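# Structural description and commentary
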Amino acid sequence: MTTPGQQATRAAFEAALRSGASAAHLEAAVAAAFPRLQAFREAEDLILVAGESRRLLVRRVGENRFVTGEVASASASTNMLDAGGEAERDLDGLIREIATFANS
């Protein structure tokens, strides 16, 4: 069961990603849904920042597929996602991961 807040977050993410838009287009939706996080673009990817140096890197790799990687580095770049070993998520999994990241 999902709450109205979760449904609104999913709808905002879906709207941001229409027409195959990259993960970078989630910047405003993430900022609205998770105000404790800082969100910024790096090329077509998204970097979410919690605290001083925790970062969640997000890249869209398909219609409903995203790869993510969490790092504890103030200088992390989404180029780190090129190395492999990252987690792959669908949109619901991505939203859950961001929520967990924001609350940890």
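Residues numbered from 1 in each chain as written. Predicted model: local features only at pLDDT ≥ 70, side-chain atom pairs only at ≥ 80, totals over all residues. Heavy atoms only, no water.

### Remarks on the sheet that holds strand β3 (residues 54–62)
The strand order β1-β2-β3-β4-β5 describes an open sheet built from five strands, whose pairing is antiparallel. Two strands lie at the open edges of the sheet, namely β1 (38–42) and β5 (87–89), each paired on one side alone. Shown here is a sheet whose adjacent strand axes are inclined to one another by a mean of 25°, direction ignored. Here β3 runs beside strand β4 (residues 65–72); their pairing, made up of eight bridges, is antiparallel. By the bridge assignment for β4, Leu-57 is matched with Gly-69. (Pairing = 2+ DSSP bridges. Helix = DSSP H or I, 4+ residues; strand = E, 2+ residues; numbered from the N terminus. Axes fitted to C-alpha atoms, helices over the stretch in contact; angles between N-to-C directions.)

### Quick look at the side chain of Arg-60
Position of Arg-60 relative to the elements: it lies in strand β3. Here the side chain of Arg-60 touches Ala-21 through a polar contact of 2.6 Å, landing on its backbone oxygen. Residues within four places of Arg-60 in sequence aside, it is in contact with Leu-17, Gly-20, Ala-21, Ser-22, Ala-23, Arg-65 and Phe-66. (Polar contact = N/O pair within 3.5 Å; in protein donor to acceptor, adjacent residues only side chain to side chain. Contact = heavy atoms within 4.5 Å.)

### Regarding the pairing of β4
Hairpin connection between β3 and β4: a loop of two residues separates the two successive antiparallel strands. Looking at chain direction, β4 and β5 are connected through three bridges and run antiparallel. Paired with Phe-66 across the two strands is Arg-89, which belongs to β5.

### A look at the nonpolar core
Within the largest apolar cluster, 22 residues are counted, with the highest numbers of intra-cluster contacts made by Phe-13, Leu-26, Val-30, Leu-37, Leu-46, Leu-48 and Ile-98. Secondary structure elements with two or more residues in this core: α1 (4–16), α2 (27–33), β2 (45–50), β3 and α3 (91–103). For this core, the element with the highest residue contribution is α3, accounting for six residues. Setting aside its immediate chain neighbours within four residues, Leu-48 contacts Val-30, Leu-37, Gln-38, Ala-39, Arg-54, Arg-55, Leu-56, Ile-98 and Phe-101. In this structure, Ile-47, Leu-57, Ala-76 and Leu-81 belong to the second largest nonpolar core, which totals seven residues. (Core = buried A, V, L, I, M, F, W, Y, C linked by side-chain atoms within 4.5 Å. Buried < 20%, exposed > 50% of the residue type's maximum accessible area, 1.4 Å probe, protein only.)

### Notes on unusual backbone geometry
At Ser-19, a position not held by glycine, the phi torsion is positive, near 60°. As for its placement among the helices and strands, Ser-19 is situated in the loop between α1 and α2. Phi is positive for Ala-43, close to 60°, though the residue is something other than glycine. Inspection of the secondary structure assignment puts Ala-43 in the loop between β1 and β2. The exposure class of Ala-43 is exposed, given its relative accessible area of 67%.

### Here we look at the environment of Asn-64
Among the structural elements, Asn-64 can be located in the loop between β3 and β4. Judged by relative accessible area, which is 33%, Asn-64 ranks as partly exposed. Taking C-alpha positions, Asn-64 is 9.8 Å from Glu-14, a pair spaced 50 residues apart along the chain.

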